[in-house]
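# Structural features, examined
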Amino acid sequence: MTATPLSARRWRGVPVALAALVACVVAVQFVPAQGYYLNILMQAATYGIAVIGIVVVLGYCGQITLAQAAFFGIGAYGVALGTVDFGLNFFVALAIGVLLSGLLGLLLGVASLRLGGHYLAMVTISFQQILTLVLTNWISLTHGPDGVPGVPRAAIFGISFAGGEAYLGLCLVVLVLITLYSWRLKSSRLGRAMQAVRDNELAASTSGIDIFRTKVLAFGISAILGGIGGGLFAGGFSYISPDQFSFPESIVLLTMALLGGVQSPIGALFGTTLLIILPEWLRFLRQVYLAVYGAAVILIMVFLPDGIWGWATQRLRRTPPAPPEVAPLPLLSVKGEATDEPVLEIRGLAKHFGGLRALDGVDLTVRRGTVHALIGPNGSGKSTFINVVTGLYRPTAGRVSFLGQDITYAAPYVRNRLGLARTFQNIRVFRGMTVLDNVVVGAERPGNDIAEDPEAVTERALAALEFVGLRGDAYRMVGTLSYGHQRYVEIARALASSPACVLLDEPAAGLNMTEKQELGVLLRRLKGHGLTILVIDHDMNLVEQVADHITVLNFGRRIADGDPRSVLDSPDVIAAYLGQPQEKQGSHEAA
Amino acid sequence: MALTRRAALAASAVTVFAIGRARAADTLKIGQVAPLTGPAAESGRYQVNGAKQAADAINAKGGVLGQQIELVVEDDQTTNPGAVLAFSRLVNRGDCAAYIGSIRSTQVHAMAPDVLKAAKVMMFGGTDPTLTQMGNPWMFRCRPNDSYSAKVIAEFGVKSLEKKKWAIVHSTDAFGTNGMKALVDSLDKAGIKPELVQGYANQAPDFTPVVLAVKQSGAEVIGSYFTFETDLAVFARQAKQLGVTIPWIGSPSIVATPALNLGGATLYGTYGVADFNADSSPTAKAFAEKYYELFKVRADNFPSWTYDATNILARGITGAGGTDPEKMRKAIIAIKGFNGAEGEYNFDEHGDGLHGYNIVRNEKGTIIFDRRIDFPA
Amino acid sequence: MDIALQLLFTGLGIGSIYALVALGFVLLIRAASVVNFAQGEFSMLGAYLMVIFFTGFGLSYFLAMILSVVLMAAFGVIFAGVVYWPLRHRGQLPVIISTIGASILLANLVLVLYGPSPQVLPGVFDAPGIQVGPVFMDSQYLTIIVSAAVLVGLQYLVFEKTLLGKKLQATSQDKEMASLLGIPVATMVLITFAYSSALGGLAGILVAPILFVSVGMGALIALKAFAANIIGGFGSIPGAILGGLALGVVETFGASYISVPYKDAFAFLTLLIFLMLRPQGLFGERIAEKA
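Structure report, in brief. Being a predicted model, the structure only gives us computed values, none of them experimental.

Summing up its helical and strand segments, chain C has 11 helices and 2 strands in all. What you see for chain C is a C-alpha radius of gyration of 19 Å, in line with the 19 Å of a compact globule of 291 residues. The principal-axis extents of the C-alpha atoms in chain C amount to approximately 60 × 50 × 35 Å. Within chain C, buried positions represent 59% of all 291 residues.

Quick look at the structure:
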């Protein structure tokens, strides 16, 4: 979801939700108190809530989960055991079940921290299997395979939801509220953080996002939603048994999410309803139905990765209005001067990969308001250097301090929040989001001056885009931009986070001549406003144009450090690059 | 064999559908919930066949109170929600006089609240004893429940085989656990505490730990509740390999056709409790012969109970003089001494119609009827 | 002690089953970076093909086996084309989900065609087994253990000592570079799928006498085999074997000494522990992404 006109943000979706609530309450009057239609709708509503949970963790955050049926089950058992065995009020039992579900979801999130893809799939499958075994075998607690019959419907403060319409109404109200919440989540700060993690975890971490917290929250939210769905399910069908919350059910829930469109709660509801109603309509296909199911999953992945709803909304996407004009970046009102004050100090930095010494004791100081270039032949350790400095690698030895603080072992997002921003050699933008949202991620990093004000955040992001000349493209999907422009988006993202120092890793890579010229101009402008920049690049023209200070690396060691003239003329440097001393070719006056 | 069976099943399925669609005016409709898809689909066909055999026979003699019986079948997909949905579809039609439910106890549990609300009679085949202790007046059971299978196993093992040291091997699912509890209970009444009670999780590829436990326990006889025939066959093979040769009395799966196919020689000489056996009574024999003639498949306990259920419902309607549910209910409770394929029905006030089992023996691959053990209602 | 020995043998036997299926997994991971959730269904299909040829058409045991394995290889190519090829550039997640869909499709297709009743397949040897001291060694378990060893050796030889193997490795590590070096990447990938599928089918045929041929037989084993891969080290061939054996033994001993019903839980707990503490498994490489 792209950022909409600034003022309408707070109430987005609420009018539609209210209308939906009213529609539900009215429609429910026409549903018979028991029987077929009631059961179908209850199943669709409760499953739908759980499927929205999958949308959050898989669609938004990109973490695969094959354990949603387990959380559905925890919620269901919470309600069933709470009311039947312990005589608790339905809502109290529901709260307990959901709480337990959420805690276990957080735990699963912790497991996801270092793992992804198939490892994560296995973790979630294992969790699911263990839960099924516990539900089946811990008979004294869970009643075992017999299940729990006679689960009562909700009642509170004398209002009873025991009747069919009343209970269905309750389920639908909860469903609408949850749909509203998750829909708004997508364009909230947490939602954008999740999507950034999904699209590019490394870039997200260096843009100030706490990956750990984001993933854990995603799992926690997903589990809570699963638990709510399960709890309502138990009350609705009044009998639950362990086989209803097993691994095949997790697959069913996953397929429902995929079919509709895992990016969107509405899509997920669509998929859920379709997969519950379809078998009823297609009963003559019943024999082969499950096989069709499996084939459908493959076909969806191949042809309709956004699901049916996703595909439909893509076709209907309107061109958004032009982005508004905004005040320029605050940075631009600063008149900067180069000073001697060290912003980034690196002492004795070493990084060994087994026997390979990628960095072998490097010292470097970047001073405020200067452009400091780091150059060296291929394999000299430049990218390793920037990765250690930004926290993506742990140093083997040495010290990094930023603005006087020791950040040697700090997590990447912590460094970013102190004011250290970077771009990547192989461009890392968040492909699933618009240009504007990509930059907003930078602008809303915790600790930024305007981070708590959504309108100001958007303004800041637009201002950053304006600076790099891309404001007009704000609402386009970032993947539709040219390579060079995607690089500018990265730069804008860095600038929007009000950095004290920006690290640019090969910013000129992949740019054509004109674009390199523009880049040089841009960098000099930034320098003029007092921004501190560390640039790694190969392009000597660019480096000469903009650098105040150059450090040269070779084989992980510093072989030269000083002003451009003396460094570029140094025989060691020339030997490292060209292999032998050479006569100078012409003058190297800066353009 | 496989091909003929499939053809027969296809034919019967088509016929059932045809029955379903033939909306003859004023037929008496009986709604049946059965698995037509999912893992139990094959047994579902058999269940439908049994009911159909009974319905056809009744219709050939003029029907019930002059009306023809029509079976309406809904697929429960072998799942609990599926059963609930199938049942609600039947209720939704509004024209079913009574229902035939599932052979799986968890599915019957799932449908029970809706049966109560629908306030019409349902005959079911699940054997969980608690199903007739829930105070639901509309549910009637057409197979002996598991407390009886346990009583019979215990009685046979203790009195006839004279074995005092027991090992109980059971699946940890609903069926196995309840069976185990009932067996422990029955043995307790005979003053016996089992040497070993060993549960296992369904679909295990290897039973060595279980077999070794049995061996180590010093038991003289095994009582078992296996749900899946594959597990049973693996256990049987490994028991033989590891030298466990004590007598074995098993729950009905031990004599079901799939078990015999898979287990082969490793099951020779074992005993089983079977709610249905063709040689247990003249009625059973007649039913089995006709069943084989119609469907070319050996009858087992899947069609037998639905056959009985249909007949009992017909009696209930006749006794009630109509389809008034309350009258039907009373008429069925009043049924005493009715000879069905499963045995002699004497309905008690809980809804259980049968109170005993047959003991059968696997004699080199053929199932031989040994005796019938009944308990007072 | 006798008990322990018997349990050890059985544990190794079961473990070899896991290892055999895990081998098929490893191949696809190494050569195509594909995690195939339908690997278990390959075994199931192989077993059913055997039923068709041996029980249905009455061919000789070995002829039926050869035919089945060859057909499975062909199937592997089709599988690659439908399930993997269209998604090969879209990242891990779509492929994983697609293979999950394939597993459901295959299992239910066979269910429709063959019905849910399990089928019997005889073992390679007629004798049920041999008694060695206190331990009874099931002959099919022995066959599986030996086959697993032979196949591992074969696979090692192919991967490490032949040009084809080197090409396959190159393809798995860097497709672009491999293609630039003139290695026909598409062919390599198809070969891998074909071999993995054939191997899976063979595993199914060997396992069927013990587990019986049923629609769900693959799913049971595949999950455990997958866990074995992770425990042993994802992408490592010796790891797959060791992981499988270890899992089989842990599971069997756990069942006997602690609790039979929770037997599966031991497997998954072991897996979880490895995933938390040592995700690269016993032999795998550290997981890292180039920044």
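What follows continues from the structure just given.
Right, let's talk about the interface of chain A and chain C for a bit. Residue-level contacts link 33 residues of chain A with 36 residues of chain C. Of all the secondary structure elements, the ones that give two or more residues to the side of chain A that touches chain C are helix H5 (117-137), helix H11 (247-260) and helix H13 (286-303) of chain A. Here the element with the most residues in the side of chain A that touches chain C is H5(A); it accounts for 12 residues. Class assignment for the residues of the side of chain A that touches chain C results in 24 nonpolar, 8 polar and 1 charged.

As a further point, take the environment of B:Glu162. Residues and elements named next belong to chain B. Along the chain, the position of Glu 162 falls in the loop between helix H5 (146-160) and strand E6 (166-171). The exposure class of Glu 162 is exposed, given the 9 C-beta atoms found within 10 Å. The spacing of Glu 162 and Ala 288 is 126 residues in sequence and 32 Å in space, taken between C-alpha atoms.

As a further point, take helix H18 (residues 454-467) of chain A. Residue and element names in this part refer to chain A. Taking 1.5 Å of rise per residue, 14 residues should cover 20 Å, and H18 covers 20 Å from first to last C-alpha, within 8% of that figure. Buried residues dominate H18, accounting for 10 of its 14 residues. Of the positions making up H18, those classed as buried are Val 457, Thr 458, Arg 460, Ala 461, Leu 462, Ala 463, Ala 464, Leu 465, Glu 466 and Phe 467. Of the surrounding elements, those touching the buried residues of H18 are helix H17 (435-443) and helix H19 (483-496). Just beyond H18, the residue with positive phi is Gly 469, at close to 80°.

Residue and element names in this part refer to chain C. At a closest axis distance of 9 Å, the pairing of helix H1 (residues 2-32) and helix H8 (residues 185-211) adopts a crossing angle of 175°. Our classification of the angle between H1 and H8 gives roughly antiparallel. Contact residues: Ile 17, Leu 20, Val 21, Leu 23, Gly 24, Leu 27, Leu 28, Ala 31 and Ala 32 in H1; Met 188, Val 189, Thr 192, Phe 193, Tyr 195, Ser 196, Leu 199, Gly 200, Ala 203, Leu 206 and Val 207 in H8. Residue composition of the contact of H1 with H8, by class: 16 nonpolar, 4 polar and no charged.

Further remarks concern the sheet that holds strand E13 (residues 356-363) of chain B. Whenever strands of a sheet pair, they do so through backbone hydrogen bonds, lying parallel or antiparallel. Residues and elements named next belong to chain B. Strand order in this open sheet of 7 strands is E7-E6-E8-E9-E10-E13-E14, and the pairing throughout is mixed. Edge strands, defined here as strands with exactly one partner in the open sheet, are strand E7 (196-200) and strand E14 (366-374). Pairs of neighbouring strands in the sheet enclose a mean axial angle of 20°, with direction left out of account. Where helix H6 (residues 174-189) meets the sheet, it contacts E6, E7 and strand E8 (221-225), and its direction lies at approximately 160° from that of E6.

All names here are of chain A. With 5 of 5 residues buried, strand E7 (residues 371-375) lies mostly within the body of the structure. Neither face of E7 is left uncovered, since the one carrying Val 371, Ala 373 and Ile 375 and the one carrying His 372 and Leu 374 both have all their residues buried. The sheet contact formed by E7 and strand E12 (residues 532-536) spans 4 bridges and is parallel. Note on E12: the bridge partner recorded for Leu 374 is Ile 536. With 4 bridges joining them, E7 and strand E13 (residues 549-554) adopt parallel strand pairing. Directly across from Leu 374, in E13, lies its bridge partner Thr 551.

Right, let's talk about the environment of A:Leu103 for a bit. Locating A:Leu103 in the fold gives a position in helix H4 (residues 90-112). In this structure, the C-alpha to C-alpha distance between A:Leu103 and A:Gln517, residues 414 residues apart in sequence, is 54 Å.

Further remarks concern the interface of chain A and chain B. Frequently, the measure chosen for interface size is the accessible area that the parts lose on association. Listed by partner, the interface residues are 24 residues for chain A and 21 residues for chain B. Elements that contribute at least two residues to the side of chain A that touches chain B include exactly helix H2 (36-60), H5 and H13 of chain A. Looking at the side of chain A that touches chain B element by element, the count peaks at 4 residues for H2(A). When its residues are assigned to classes, the side of chain A that touches chain B shows 8 nonpolar, 12 polar and 4 charged.

Parameters at a glance
Per chain, residue numbering runs from 1 following the sequence as it is written. In the order they appear in the text, chains get letters beginning with A and ligands get numbers beginning with 1. It should be noted that, the model being predicted, local features are given only for residues of pLDDT at least 70 and side-chain atom pairs only at 80 or more, the latter also being counted only at that level, while totals for whole chains, interfaces and linings use all residues. In this description a helix means any DSSP run of H or I spanning at least four residues, a strand means any run of E spanning at least two, and both kinds are numbered starting from the N terminus. The reference for a compact globule is 2.2 Å times residues^0.38; the radius of gyration itself is calculated from the C-alpha atoms. Residues with at least 20 other C-beta atoms within 10 Å of their own are called buried, those with 12 or fewer are called exposed, and the rest are partly exposed. The C-beta atoms themselves are positioned from the backbone. Note on contacts: residues are paired as contacts if their backbone-placed C-beta atoms lie within 7 Å. Just so you know the grouping, Ala, Val, Leu, Ile, Met, Phe, Trp, Tyr, Cys and Pro go in nonpolar, Asp, Glu, Lys and Arg go in charged, and all remaining residues, Gly too, go in polar. Multiplying one less than the number of residues by 1.5 Å gives the expected span of a helix. Interaxial angle, 0 to 180 degrees, is taken between N-to-C directions of lines fitted to C-alpha atoms, where a helix line uses only the stretch in contact. Here roughly perpendicular refers to angles of 65 to 115 degrees, roughly parallel to angles under 35, roughly antiparallel to angles over 145, and oblique to all remaining angles. When DSSP finds two or more bridges between a pair of strands, those strands are recorded as paired.

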